[in-house]
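Structure at a glance
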Amino acid sequence: MSENSPDLEDDTGTYESGLPGFLGTIDEVIAKTEAVMLAVGVILMAVNTCINVIARFVFGEGLFFSGEINRILIILITFAGIGYAARHGRHIRMSAVYDAIPPKGRKVLMIFIALFTSVVMFFLCYHSYGYVETLHSRGRILPALGFEIWWIYVWAPVGFAITGIQYFLTAIKNFTSKDVYLSTGVIDGYADSESEV
């Protein structure tokens, strides 16, 4: 970095839960598991895609199972990623109205947003579980890999449930603390990252 650029805080280090005791320990274990799943998933997808491109170029034919592996990894990354983003307060926010409200109003609005989002995530969890049950009852299999297709969609209800729990815990954190929290470990605010052009 140049001398004129501001020091940006590194938020990619270890995650520390804002929850007390055993809940904090469980939250940290889930956070580490999600981080590993996301990192390994992205790396495997990149390696799989590169190997498939090389095989297609060198041998004139790609790997017959490459598309299915990438499909599995995309589903895994998507649904593990929503919980990860919620835990780190990284979901997209439409904050024009929110930023204009005084701090006490922000707290009330954040509690409402967190509870409403939690309910929506549990609603989606319920319906995605029904979808997985439907796939299971039909017995469809992946043509190249040969295992039942419902296994790859298990991550949808799991991801929605973890995200719903995370937002519910965020609402509780906002009820019990004086600051406004975007997640159990992230206080609301913006980093000053303006730099001279």
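The rules behind these values
Residues numbered from 1 in each chain as written. Predicted model: local features only at pLDDT ≥ 70, side-chain atom pairs only at ≥ 80, totals over all residues. Heavy atoms only, no water. Helix = DSSP H or I, 4+ residues; strand = E, 2+ residues; numbered from the N terminus. Buried < 20%, exposed > 50% of the residue type's maximum accessible area, 1.4 Å probe, protein only. Contact = heavy atoms within 4.5 Å. Areas by Shrake-Rupley, 256 points an atom, 1.4 Å probe, with all protein chains shown as cover. UniProt positions renumbered as here; feature names shortened; annotations may be inferred. Expected span 1.5 Å × (residues − 1). Salt bridge = Lys/Arg side-chain N within 4 Å of Asp/Glu carboxyl O. Axes fitted to C-alpha atoms, helices over the stretch in contact; angles between N-to-C directions. Parallel < 35°, antiparallel > 145°, perpendicular 65-115°, else oblique. Left-handed = near helix turned anticlockwise from the far one by under 90°. Patch = residues over 30% accessible without salt bridge, like charges linked within 9 Å, V, L, I, M, F, W, Y side chains within 5 Å. Phe/Tyr/Trp six-rings, centres within 6.5 Å; stacked < 30°, edge-to-face > 60°. Lys NZ or Arg CZ within 6 Å of the ring centre and 35° of its normal.

Turning to the overall build of the protein, a few remarks are in order. Counting its secondary structure elements, the protein contains five helices and two strands. Counting helices and strands in the order they occur from the N terminus, the protein gives α-α-α-α-α-β-β. Residues counted as buried form 36% of the 197 residues belonging to the protein. In the protein, 68% of the contacts between residues at least 6 apart in sequence involve partners at least 24 apart. Total accessible area computed for the protein in this model is approximately 12,900 Å², and 67% of it derives from carbon and sulfur atoms.

Before going further, it helps to examine the UniProt feature "transmembrane region" (unreviewed entry) in the protein. Taking the UniProt record as the reference, the feature "transmembrane region" (unreviewed entry) is found at residues 35–57, 69–87, 108–129 and 149–169. Taken end to end, residues 35–57 has its terminal C-alpha atoms 33 Å apart, with 100% of it in helix and 0% in strand. Helix makes up 100% of residues 108–129 and strand 0%, with an end-to-end C-alpha separation of 32 Å.

Between its terminal C-alpha atoms helix α4 (residues 103–138) stretches 52 Å, which fits the 52 Å expected from 36 residues at 1.5 Å a residue. Every buried residue belonging to α4 is among Lys-107, Met-110, Ile-111, Ala-114, Thr-117, Ser-118, Met-121, Cys-125, Ser-128, Val-132 and Leu-135, and all of these are buried. Buried positions along α4 lie against α3 (96–100), α5 (155–176) and β1 (181–183). Backbone geometry just downstream of α4 places Gly-139 in the positive-phi region, at approximately 70 degrees.

Let us look at the pattern of salt bridges. Taken as a whole, this structure holds two salt bridges when the rule is applied. The shortest N-O distance in the salt bridge between Arg-87 and Glu-34 comes to 2.3 Å. Here the residue Arg-87 occupies a position in helix α2 (residues 66–87), and Glu-34 occupies one in helix α1 (residues 21–59), the gap between them amounting to 53 residues. In this structure Arg-87 comes out as buried when scored by relative accessible area, which is 2%. Ionic contacts of the salt-bridge type, sharing partners, join the residues Asp-27, Glu-34 and Arg-87 into one network.

Here we come to the packing of α1 against α2. Between α1 and α2, the shortest axis-to-axis distance is 9 Å and the interhelical angle comes to 150 degrees. By the criterion of interaxial angle, the relationship of α1 to α2 is roughly antiparallel. Like other packed secondary-structure pairs, α1 and α2 cross with a definite hand, here left-handed.

This next bit is on a nonpolar patch on the surface. Taken together, the side chains of Leu-115, Phe-122, Ile-165, Phe-168, Ile-172 and Phe-175 make up a nonpolar region of the molecular surface, amounting to roughly 540 Å² of accessible area. Listed by contribution, the elements that provide at least two residues to the nonpolar patch are α4 and α5. Following the sequence through the fold, Ile-172 ends up in helix α5.

Turning to the packing of aromatic side chains, a few remarks are in order. Counting across every chain of the model gives five aromatic pairs. Residues Phe-112 and Phe-116 carry aromatic rings whose centres are separated by 6.0 Å and whose planes lie at 20 degrees to one another, so their mutual orientation is stacked. Of this pair, Phe-112 and Phe-116 both sit in helix α4, four residues apart, which is roughly one turn of the helix. The class for Phe-112 is exposed, based on a relative accessible area of 53%. Measuring from centroid to centroid gives 5.7 Å for Tyr-131 and Tyr-153, while their planes differ by 80 degrees, and the two rings are edge-to-face. With Tyr-131 in helix α4 and Tyr-153 in the loop between α4 and α5, the pair connects residues that are 22 residues apart, well separated along the chain. A residue is classified by how much of its surface remains accessible, and Tyr-131, at 43% relative accessible area, is partly exposed. Residue Tyr-153 is classed as buried on the basis of its relative accessible area of 15%. Over the ring of Tyr-181 we find Lys-173; its NZ or CZ atom is 4.9 Å from the centre of that ring.

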